[in-house]
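Remarks on the overall topology
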Amino acid sequence: MYARLRVYEGRAAATAGVGKDLVNAPMIRHWCEAVGDTNPAYTGPGAIAPPTMLQAWTMGGLSGHSDRSGAYDEMFALLDGAGYTSVVATDCEQEYLRPLRPGDRITFDAVIESVSERKTTRLGTGYFVTTRMDVRAAGEPAGTHRFRILKYTPAAVGRGTSPGGPQGVKGGGRSLRPRPVINRDNAGFWQGVAEHKLLIQRCGACETLRFPWLPGCNECGCQEWDTVEASGEGTVFSYVVMHHPPFPAFGASDDAGPYAVALIELAEGVRMVSNVVGVPYDKVRTGMPVRLEFLRTDPELELPVFRGSEG
């Protein structure tokens, strides 16, 4: 299988793609409001788009793109036919070559850059596929986006699986929540969670607080930082109720019923995504006061969540 997949390395994944929208101020504003980024470079005359929006301008939306290559579809059909039917995004890397400004027309080409040998992970066994997208603005190179996925066969699930085992279920057969990706940039955050502390980064130069954790400050670029512990008080800034697909690990029971996912604005001014617990999903409201607590979802995983109150 690996030999058959390697044939696709270097072949086009998309050719002469065109962004569905020009770079525009409303999308920039929505992005900045959602992540709490108040950098003045993204507003007013001469504004630029946040560099991390690079992929946003190339997305096809629900209707998709019509410029994906036959080679890309062939490779995925080969994987599907061999039983590697599931997919999960694992990471992305971006390089920025020039700022994007409102009015820029985005075009791009993409290539299947590499396919790994078969790997076994907690999710299952499969192949990592990396695509590289070269993005242009008004015909000029603007950036590079590498996107890596795992195309895999899900690990078998069964009632007798031991807690935390590779099959992704705990004793009694209940699904586990996905494991967080822990790396050198966010390991300190998860260490804090293990100690029942919600830690926020603070820039060592301008003292701006930031979340999620990043290696450098968005405001001044300083790479020195320390942490402050959040008080645990917050409010629901925005939320969605997840109805589909059903995922028993997020339900109160094995029925995998709807659950609320919220963007929480902490008292310190930063925002984070988490679950709202303690109230029915249809009672969650924007502005609802919430309080931090730590939820043990299985023997190996504890997560920060926020308890709401209908009152």
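Residues numbered from 1 in each chain as written. Predicted model: local features only at pLDDT ≥ 70, side-chain atom pairs only at ≥ 80, totals over all residues. Heavy atoms only, no water.

This paragraph deals with the sheet that holds strand β14 (residues 301-308). With mixed pairing, five strands are arranged side by side around a closed barrel as β10-β11-β12-β14-β13. Direction aside, the axes of adjacent strands within the sheet are offset by 50° on average. Sheet topology note: the strand β10 (residues 233-242)/strand β13 (residues 289-298) ladder contains three bridges and is antiparallel. What sits directly across from Gly234, in β13, is Val290. Strands in contact with helix α4 (residues 187-194) are β13 and β14; relative to β14, the strand with the most contacts, it is inclined by about 75°. (Pairing = 2+ DSSP bridges. Helix = DSSP H or I, 4+ residues; strand = E, 2+ residues; numbered from the N terminus. Axes fitted to C-alpha atoms, helices over the stretch in contact; angles between N-to-C directions. Contact = heavy atoms within 4.5 Å.)

Before going further, it helps to examine the environment of Asp185. Its place among the elements puts Asp185 in the loop between β6 (140-154) and α4. For Asp185, a relative accessible area of 32% translates into the label partly exposed. Taking the C-alpha atoms as reference points, Asp185 and Pro212, separated by 27 residues in sequence, lie 9.9 Å from one another. Residues in contact with Asp185, not counting those within four places in the same chain, are Trp213 and Pro215. (Buried < 20%, exposed > 50% of the residue type's maximum accessible area, 1.4 Å probe, protein only.)

Across all of its chains, the model carries six aromatic pairs by this definition. On the basis of an interplanar angle of 65° and a centroid distance of 5.1 Å, the ring pair of Trp213 and Trp225 is categorised as edge-to-face. Here Trp213, found in the loop between β8 (209-210) and β9 (225-229), pairs with Trp225, found in strand β9; they are 12 residues apart in sequence, far enough to count as distant. For Trp213, a relative accessible area of 10% translates into the label buried. For Trp225, a relative accessible area of 36% corresponds to the partly exposed category. Taken together, the aromatic side chains of Phe189, Trp190, Phe211, Trp213 and Trp225 make up a single cluster linked through ring pairs. Taking the ring centre of Phe237 as reference, the NZ or CZ of Arg271 above it sits at 3.6 Å. (Phe/Tyr/Trp six-rings, centres within 6.5 Å; stacked < 30°, edge-to-face > 60°. Lys NZ or Arg CZ within 6 Å of the ring centre and 35° of its normal.)

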